[in-house]
Amino acid sequence: MKIVKKIAIVLLVILIGMQFYRPDKNVAEGDYVTAFETETQPSPEVKEILKTACYDCHSANTEYPWYNNIAPVSYWLADHIEEGKEHLNFSDWENYDAKKKDHKLEEVIEEVKEGEMPLNEYTWTHADAKLSDEQISALLAWADGARANY
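The model shown is predicted, which means the values in this text are computed figures rather than measured ones. (Residues numbered from 1 in each chain as written. Predicted model: local features only at pLDDT ≥ 70, side-chain atom pairs only at ≥ 80, totals over all residues. Heavy atoms only, no water.)

J.: In this structure, what is going on with the packing of aromatic side chains? I would like to understand it.
T.: Given two aromatic rings, their pairing is described by the distance between the two centres and the angle made by the two planes. This structure, assessed with the given rule, holds eight aromatic pairs. Geometrically, the ring pair formed by Tyr-32 and Tyr-55 is edge-to-face, given 6.3 Å between the ring centres and 80° between the ring planes. Of this pair, Tyr-32 sits in the loop between α1 (2–18) and α2 (34–40) while Tyr-55 sits in helix α4 (residues 55–58), placing them 23 residues apart in sequence. For the pair shown, Tyr-32 and Tyr-55 are each scored as buried. An angle of 70° between the planes, with centres 6.4 Å apart, marks the rings of Trp-93 and Tyr-150 as edge-to-face. (Phe/Tyr/Trp six-rings, centres within 6.5 Å; stacked < 30°, edge-to-face > 60°. Helix = DSSP H or I, 4+ residues; strand = E, 2+ residues; numbered from the N terminus. Buried < 20%, exposed > 50% of the residue type's maximum accessible area, 1.4 Å probe, protein only.)

So this is what it looks like as structure tokens:
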């Protein structure tokens, strides 16, 4: 029993220590998706879908929930955001070449069609990010149309 108590105390100290060393937040100043939206011309409906379901993990600015201030959740969210931006970063759109832009939009279509995006973990706490059939159709139609430019 003594070993379990010691392990519990060490884990508690680590957890408390983690509260003081947090990952950097993904927060940008200004309009961080202007180039993307200007080039791809999403409708107001699609802009709202992108803002609600995509930009938190796939842009340079995340609107953090209150529980992001608690470790280890803050580390888990930071990892999700970093991984999301590695796959697609709408804020970096102007630095993609035409072939990459076409491919990224193709991936958006595939991921949304397959129900892989937005992630279930995200929609559990962001109910408004769960896409309806109408929203999926609008998003797919926009992405398919935007691909035609490339």
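Next comes the rest of the description.
J.: Help me understand the side chain of Lys-104 in this model?
T.: By secondary structure assignment, the location of Lys-104 is in helix α6 (residues 98–113). For Lys-104, a relative accessible area of 10% gives the class buried. If we skip the residues at most four places from it in the chain, Lys-104 touches His-87, Leu-88, Trp-93 and Tyr-96. (Contact = heavy atoms within 4.5 Å.)

J.: Explain the environment of Lys-101 to me, please; I cannot follow it from the model alone.
T.: Here Lys-101 lies in helix α6. Given the relative accessible area of 8%, Lys-101 is considered buried. Taking the C-alpha atoms as reference, Lys-101 lies 19 Å from Ile-49; in sequence the two are 52 residues apart. Beyond its immediate stretch of four places on either side in the chain, Lys-101 contacts Glu-39, Trp-93, Tyr-96 and Tyr-150.

J.: Teacher, can you tell me more about the state of the cysteines here?
T.: What is meant by a disulfide is a covalent connection between two cysteines, made through their sulfur atoms. The tally for this structure, following the rule as stated, stands at zero disulfides. Cys-54 takes part in no disulfide bond, and the closest cysteine sulfur, belonging to Cys-57, lies 9.2 Å away. Its relative accessible area of 19% is what places Cys-57 among the buried residues. (Disulfide = S-S within 2.5 Å.)

J.: What am I meant to see in unusual backbone geometry here?
T.: For residues other than glycine, phi is negative in most cases, and the peptide bonds are mostly trans. Omega for the bond connecting Ala-71 with Pro-72 falls within 30 degrees of zero, at 10°, which places this linkage in the cis form. Residues Met-117 and Pro-118 are joined by a peptide bond in cis, for which omega reads -10°. Mapped onto the secondary structure, Pro-118 falls in the loop between α6 and α7 (120–125). Even without a glycine there, the phi angle at Gln-41 is positive, about 50°. Mapped onto the elements, Gln-41 comes out in the loop between α2 and α3 (44–53).

J.: What is the right way to read helix α8 (residues 133–147) from this model?
T.: The α-helix winds at 3.6 residues per turn, so residues separated by three or four positions along the chain end up facing the same way. The terminal C-alpha atoms of α8 lie 21 Å apart, and with 15 residues this matches the ideal 21 Å at 1.5 Å per residue to within 8%. Looking only at α8, the buried set comprises Ala-138, Leu-139, Leu-140, Trp-142, Ala-143 and Ala-146. (Expected span 1.5 Å × (residues − 1).)

J.: Honestly, the nonpolar core in this entry has me stumped. Any pointers?
T.: The nonpolar side chains of soluble globular proteins are, as a tendency, buried together. Residues Phe-36, Leu-50, Phe-90, Leu-139 and Trp-142 are the most contacted members of the largest nonpolar core, which totals 28 residues. Of all the secondary structure elements, the ones that give two or more residues to this core are α3, α4, α6 and α8. Counting residues per element, this core draws most heavily on α8, which supplies six residues. Ignoring anything within four residues of it in the chain, the contact list for Leu-139 reads Val-46, Ile-49, Leu-50, Val-112 and Leu-131. (Core = buried A, V, L, I, M, F, W, Y, C linked by side-chain atoms within 4.5 Å.)

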